[in-house]
Amino acid sequence: MLEPIRSQMERVERLLFDTLAQVEEPLGSRLRRSLGGDKRLRPALVILVGQMFASSTSPIGEKASTAPFHSLAAAVEMLHTATLIHDDLVDEAPLRRGRKTLHTIWPAGATVLAGDYLLAQAASLIAELEHPCILKVFAETLCTMCAGEIRQIFITKGKTKGKQNHSHAAVEQTALDATGRYGREDYYRSIEAKTASLCAAATEMAGLLAGAGEPQIAALRRFGRELGMAFQIADDVLDFTGDEAQLGKPAGSDLRQGLITLPTLCYLERAEDNAPVNGVLSGQRDDEHVQAAIEAVCSSGAIEAALAEARAHARQSQEALATLPDNDSRHMLCSLAEYVVERRH
């Protein structure tokens, strides 16, 4: 799908690794390893938005330099990777893309600082663009993502290293719906902060760099947000249906962490017997109970219901592109919206 921008993506890849090439060991090699294996969806969004306007009658023009877009794309990927390093530590996730997570190899303090280093590198690349509005979007997005992660920690009962911390009960209660259970509004708020906000930032910042007008910037922001929502819902579905070898992590990882995602919510709304899932959410997280919960969710129609919502967000993202330049890059963005829902890993 991204073959037409392969050369551009290769330049982003080189910039990512060249930026870290001079970093002192053992930090440099670990950061480069952390950057490996990703789909590079967010950098692709930056490149495609830049090309969409470069090939139009926009003020950016046909001969505008693509180098700033490579820097922006690399910065977005560094920000994304930094948040994954921190998230894995917070969630105590043992694997990421089939590899041991950094916190399982390094001390927690060093892991936090490694993520911080990537954030600083990303900020440096953004600063070099000398575009205050882009820097502002970058900073606001980082704040949004951090706040979303903090809120999720409290939602999952203030876990600290897997132990219950009842002092957070009052904060936790604010995340529960009227029935006393984590609800759809909480879920959507969480994935918007942790996933959709970065996709929206990538497309918005690329539009700003391309010199797009405010109506176009708003359309790009909406496209990125809806795409991010579709991506995360599909990702949560794959946690139940995906192949473990392709996912690079155990099936049911979210359930094992006590996280309630949309497939689980759809199941709890429709199933007469919630015991398999409620048991896992209550702490019975051995392989037997988790597998029984996965099978219960998959056989209940919840997967289909969740995918229907993901497809609805994907359609809304495509609709947001309607007022933007009609060219091959826009068509590729439309195709990406379909891909993020129908992918298998």
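Please refer to the structure placed before this passage.
This section reports on the structure supplied with the text. (Residues numbered from 1 in each chain as written. Predicted model: local features only at pLDDT ≥ 70, side-chain atom pairs only at ≥ 80, totals over all residues. Heavy atoms only, no water.)

Quick look at the pattern of salt bridges
Under the counting rule described, the total for this entry stands at 19 salt bridges. Salt bridges here are not isolated pairs; linked through shared partners, they connect Glu13, Arg40 and Glu77. (Salt bridge = Lys/Arg side-chain N within 4 Å of Asp/Glu carboxyl O.)

Remarks on the environment of Glu149
Within the secondary structure layout, Glu149 lies in helix H6 (residues 132-155). The exposure class assigned to Glu149 is buried, which follows from its relative accessible area of 8%. With 63 residues separating them along the chain, Glu149 and His86 place their C-alpha atoms 9.5 Å apart. Non-local contacts of Glu149, meaning those with residues more than four positions away in its chain, are made with Asp87, Val90, Asp91 and Lys194. (Helix = DSSP H or I, 4+ residues; strand = E, 2+ residues; numbered from the N terminus. Buried < 20%, exposed > 50% of the residue type's maximum accessible area, 1.4 Å probe, protein only. Contact = heavy atoms within 4.5 Å.)

Some thoughts on the packing of aromatic side chains
Considering all chains together, one arrives at 1 aromatic pair under this definition. For the cation-ring pair, Arg42 lies above Phe231, with the distance from its terminal atom to the ring centre recorded as 5.4 Å. Here the guanidinium or amino end of Arg343 rests over the ring plane of Phe231, the centre of that ring lying 4.0 Å away. (Phe/Tyr/Trp six-rings, centres within 6.5 Å; stacked < 30°, edge-to-face > 60°. Lys NZ or Arg CZ within 6 Å of the ring centre and 35° of its normal.)

Let's talk about the nonpolar core
Among the nonpolar cores identified, the biggest contains 101 residues, and Leu72, Met205 and Leu333 are the most heavily contacted of them. Considering each element in turn, this core owes the most residues, 13 residues, to helix H8 (residues 184-210). With residues near it in sequence (within four places) discarded, Leu72 still touches Val46, Ile126, Leu129, Ile134, Met205, Ala206 and Leu209. (Core = buried A, V, L, I, M, F, W, Y, C linked by side-chain atoms within 4.5 Å.)

Describing the packing of H8 against helix H9 (residues 214-241)
Interaxial distance between H8 and H9 falls to 7 Å at its minimum, and their mutual angle equals 140 degrees. If you check the angle between H8 and H9, you find them oblique. Considering how the two elements wind past one another, H8 and H9 form a crossing that is right-handed. Contacts between H8 and H9 pair Tyr187, Tyr188, Ile191, Glu192, Thr195, Ala196, Cys199, Ala200, Thr203, Glu204, Gly207 and Leu208 from the former with Ile217, Leu220, Arg221, Phe223, Gly224, Arg225, Gly228, Met229, Phe231, Gln232, Ile233 and Asp236 from the latter. When grouped by side-chain class, the residues that make up the contact of H8 with H9 number 13 nonpolar, 6 polar and 5 charged. (Axes fitted to C-alpha atoms, helices over the stretch in contact; angles between N-to-C directions. Parallel < 35°, antiparallel > 145°, perpendicular 65-115°, else oblique. Left-handed = near helix turned anticlockwise from the far one by under 90°. Nonpolar A, V, L, I, M, F, W, Y, C, P; charged D, E, K, R; others polar.)

Take it as geometry only, folks, not as evidence of what the structure does.
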